[in-house]
Amino acid sequence: MPQDLSELSEAEMNSVAPPAPVYKIVLTGGPCGGKTTALARLSPYLRERGFEVIACPEAFSLLVSNGMSFDYLGAVEGMDVVVQDTVMDMQIGLEDGFERVLRARGKPAVLLCDRGLMDGSAYMAQEGWDKLLAKRDVQSVSELREGRYNAVFHLVTAAEGAEPFYTLENNAVRTETPELARELDGMTRNAWVGHPNLKIFDNSTDFEKKMQRVVEETARLVGLPTQMQRVTTKFLLRNKPALDKFPEDVRVRVFDVEKVYLNQDEIIADNIIDEYAFIRMRSTVNEDGEASGTVYGWTGVQKTDDGQTIEKKRIITKREYNSLFNNRDKSRHIVRQKRISFLWNIQSFTIHEYQEPVSDICILHAQVQSTPGSEGVHDVDVSIPPFLEVDKLLGGSEEDKKHYGAYHISLRD
């Protein structure tokens, strides 16, 4: 057993202090949504661009493909909890093991997860899920969601919007009818509501363009150049949202967010015209209004001379957050917001309700992508929730950035 850092091998040192980022992406969705194809498409794409890639298999499918029948789930009272507990043990073991190998390798890497820990909640009654979390001493689902994965890509089942192409021939362990597939797809989407990087890939385009959107979103996540355009999908709300006005079937997650901009070194790359970074503390707020789990993140933003915006994100520890906090840019305020995440018409929305340094701004963010060939926001169909009052669409003008962008709002007078 090594006694100090000098006795660690290079691989062990890489595991302790990774010299390069490791991104964890969940690919999930309903049956016949394109997960298998997306996994096959992403692996070579990333490897060709210098990333190490490992695909983590779905734990439940491993059980079924090796002899466990679906009858097990109802064979004995409480069996569903035992099975999902086992699935979670297997999933954690696989993910953590693969991540450990990638970290030890010491190169930029991506772990592609065929489903993630929150998927199990879609296949259990709430009572059973709560019992499972209590058994595992999980204090907050944020530990299993944004505290564990950098992004969640939900590929909508072909049974929702591409019905003629719905088939189960490529997955022997799936037997769902189109009706059940749509129901499961909805439950799986709801399972991940609250992850700040939940991306939903619907069937509004043909399948090839759907896969292209997945690849482009992955490129953006890991900091590669991308043709995906950041379209204007922000709307100024007239009033702060009243949660009691939301439909009962809309699952809502509420968070308190602290955003802190950091001091920056001088820009050294010739093609970078602007660069900044911030850290974020995100606390889940339970039904009693109390914080029930906190996760921390770092984001770096670069704007290039050809109009590209490149973001790099990583999950950090509380200790790292506190250390970076000491390097905060004191010419800026700490930005505090209440955020409300939900789904509406298969689209992901987050409301940013500012609390400090201003408290009269409320912005609706719609997570929509524009692929090559689009000319702007008018090519994107955003389904505005009818229970919210929109004042106006916010564009990319300097005036809108000045009045409604967190980067400018944070500036002290």
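Residues numbered from 1 in each chain as written. Predicted model: local features only at pLDDT ≥ 70, side-chain atom pairs only at ≥ 80, totals over all residues. Heavy atoms only, no water.

Peer 1: An account of the overall build of the chain is needed here, citing residue identities and associated values.
Peer 2: Summing up its helical and strand segments, the chain has 11 helices and 14 strands in all. Since a compact globule built from 413 residues should have a radius of gyration of about 22 Å, the 22 Å found for the chain is in line with a globular shape. Taking the principal axes of its C-alpha atoms as reference, the chain extends roughly 65 × 60 × 45 Å. The proportion of buried residues among the 413 residues of the chain is 48%. Considering only contacts in the chain between residues 6 or more positions apart, those separated by 24 or more positions represent 70%. Working note: accessible area of the chain is about 20,800 Å², and carbon and sulfur atoms make up 48% of it. (Helix = DSSP H or I, 4+ residues; strand = E, 2+ residues; numbered from the N terminus. Rg over C-alpha atoms; globule rule 2.2 N^0.38 Å. Buried < 20%, exposed > 50% of the residue type's maximum accessible area, 1.4 Å probe, protein only. Contact = heavy atoms within 4.5 Å. Areas by Shrake-Rupley, 256 points an atom, 1.4 Å probe, with all protein chains shown as cover.)

Peer 1: Can you break down the packing of aromatic side chains residue by residue, with the values?
Peer 2: Under the definition given, this model contains 14 aromatic pairs. Between Phe 153 and Phe 201, the aromatic rings sit 5.4 Å apart at their centres with planes inclined by 75°, giving edge-to-face as the arrangement. With Phe 153 in strand β4 (residues 151-155) and Phe 201 in strand β5 (residues 198-201), the pair connects residues that are 48 residues apart, well separated along the chain. Residue Phe 153 is classed as buried on the basis of its relative accessible area of 1%. (Phe/Tyr/Trp six-rings, centres within 6.5 Å; stacked < 30°, edge-to-face > 60°.)

Peer 1: So what about the sheet that holds strand β8 (residues 272-285)? Which residues, and what values?
Peer 2: The strand order β10-β9-β8-β7-β11-β12-β13-β6-β14 describes an open sheet built from 9 strands, whose pairing is antiparallel. Strand pairing shows two members of the sheet lacking a second neighbour, β10 (309-316) and β14 (390-394), which therefore form its edges. Averaged over all pairs of adjacent strands, the angle between their axes in this sheet comes to 25°, without regard to strand direction. One ladder, built from 7 bridges, connects strand β7 (residues 253-261) with strand β11 (residues 335-344); its direction is antiparallel. Residue pairing across strands places Arg 253 opposite Ser 341, the latter belonging to β11. (Pairing = 2+ DSSP bridges. Axes fitted to C-alpha atoms, helices over the stretch in contact; angles between N-to-C directions.)

Peer 1: Break down the pattern of salt bridges for me, citing the residues and quoting the values.
Peer 2: If you walk through the whole model with that rule in mind, you get 29 salt bridges. The shortest N-O distance in the salt bridge between Lys 35 and Asp 114 comes to 2.5 Å. One end of the pair, Lys 35, is in helix α2 (residues 35-47); the other, Asp 114, is in strand β3 (residues 109-114), and 79 residues separate them in sequence. There is no split in this pair, since Lys 35 and Asp 114 are both buried. For the salt bridge of Glu 217 with Arg 220, the shortest nitrogen-to-oxygen distance reads 2.7 Å. Taken together, the residues span about one helical turn, with Glu 217 and Arg 220 both in helix α8 (residues 207-222) at a distance of 3 residues. The pair Glu 217 / Arg 220 is uniform in exposure class, with both members buried. Several salt bridges share partner residues, and in doing so they unite Lys 24, Glu 95, Asp 96, Glu 99, Arg 103 and Arg 148 into one network. (Salt bridge = Lys/Arg side-chain N within 4 Å of Asp/Glu carboxyl O.)

Peer 1: Just give me the short version of unusual backbone geometry, but keep the residues and values in it.
Peer 2: That bond from Glu 356 to Pro 357 is cis: its omega, 5°, falls within 30 degrees of zero. Considering the arrangement of structural elements, one finds Pro 357 in the loop between β12 (347-356) and β13 (362-366). A positive phi angle is found at Arg 115, which is not glycine, with a value near 70°. With respect to the secondary-structure elements, Arg 115 resides in the loop between β3 and α6 (126-135). A relative accessible area of 5% means that Arg 115 is categorised as buried. Positioned with a positive phi, Ile 346 is a non-glycine residue whose angle comes to about 60°. Inspection of the secondary structure puts Ile 346 in the loop between β11 and β12.

Peer 1: Please give an account of the packing of α2 against α8 that cites residues and values.
Peer 2: Direction vectors running N to C along α2 and α8 enclose 45°, while the axes themselves pass 10 Å from each other. Considered as vectors, α2 and α8 are oriented oblique to each other. Crossing handedness for the pair α2 and α8: right-handed. Between α2 and α8, the residues in contact are Thr 37, Ala 38, Arg 41, Leu 42, Tyr 45 and Leu 46 and Phe 207, Glu 208, Met 211, Val 214, Val 215, Thr 218, Ala 219 and Val 222, respectively. Residue composition of the contact of α2 with α8, by class: 10 nonpolar, 2 polar and 2 charged. (Parallel < 35°, antiparallel > 145°, perpendicular 65-115°, else oblique. Left-handed = near helix turned anticlockwise from the far one by under 90°. Nonpolar A, V, L, I, M, F, W, Y, C, P; charged D, E, K, R; others polar.)

Peer 1: Explain the nonpolar core to me, using residue names and the numbers behind them.
Peer 2: Ranked by internal contacts, the top residues of the largest apolar core, which has 27 residues, are Trp 129, Leu 144 and Trp 192. Those elements that provide at least two residues to this core are β1 (22-29), α5 (79-105), β3, α6 and β5. In terms of nonpolar packing, the next biggest core, distinct from the first, is built from 23 residues, Leu 42, Leu 112, Leu 155 and Val 222 among them. (Core = buried A, V, L, I, M, F, W, Y, C linked by side-chain atoms within 4.5 Å.)

Peer 1: Please provide a residue-by-residue account of the sheet that holds β5, values included.
Peer 2: Sheet architecture is open: 5 strands sit in the order β2-β3-β1-β4-β5, paired in parallel fashion. Looking at which strands have only one partner, the edges of the open sheet turn out to be β2 (52-56) and β5. Geometrically, the sheet is characterised by an average inter-axis angle of 20° between neighbouring strands, direction not taken into account. The pairing of β1 with β4 spans 5 bridges and is parallel. Bridge pairing in β4 places Leu 27 opposite Phe 153. The sheet contacts of helix α7 (residues 178-191) involve β1, β4 and β5, and relative to β4 the element is tilted by about 165°.

Interpretation in functional terms is not warranted from these geometric data alone.
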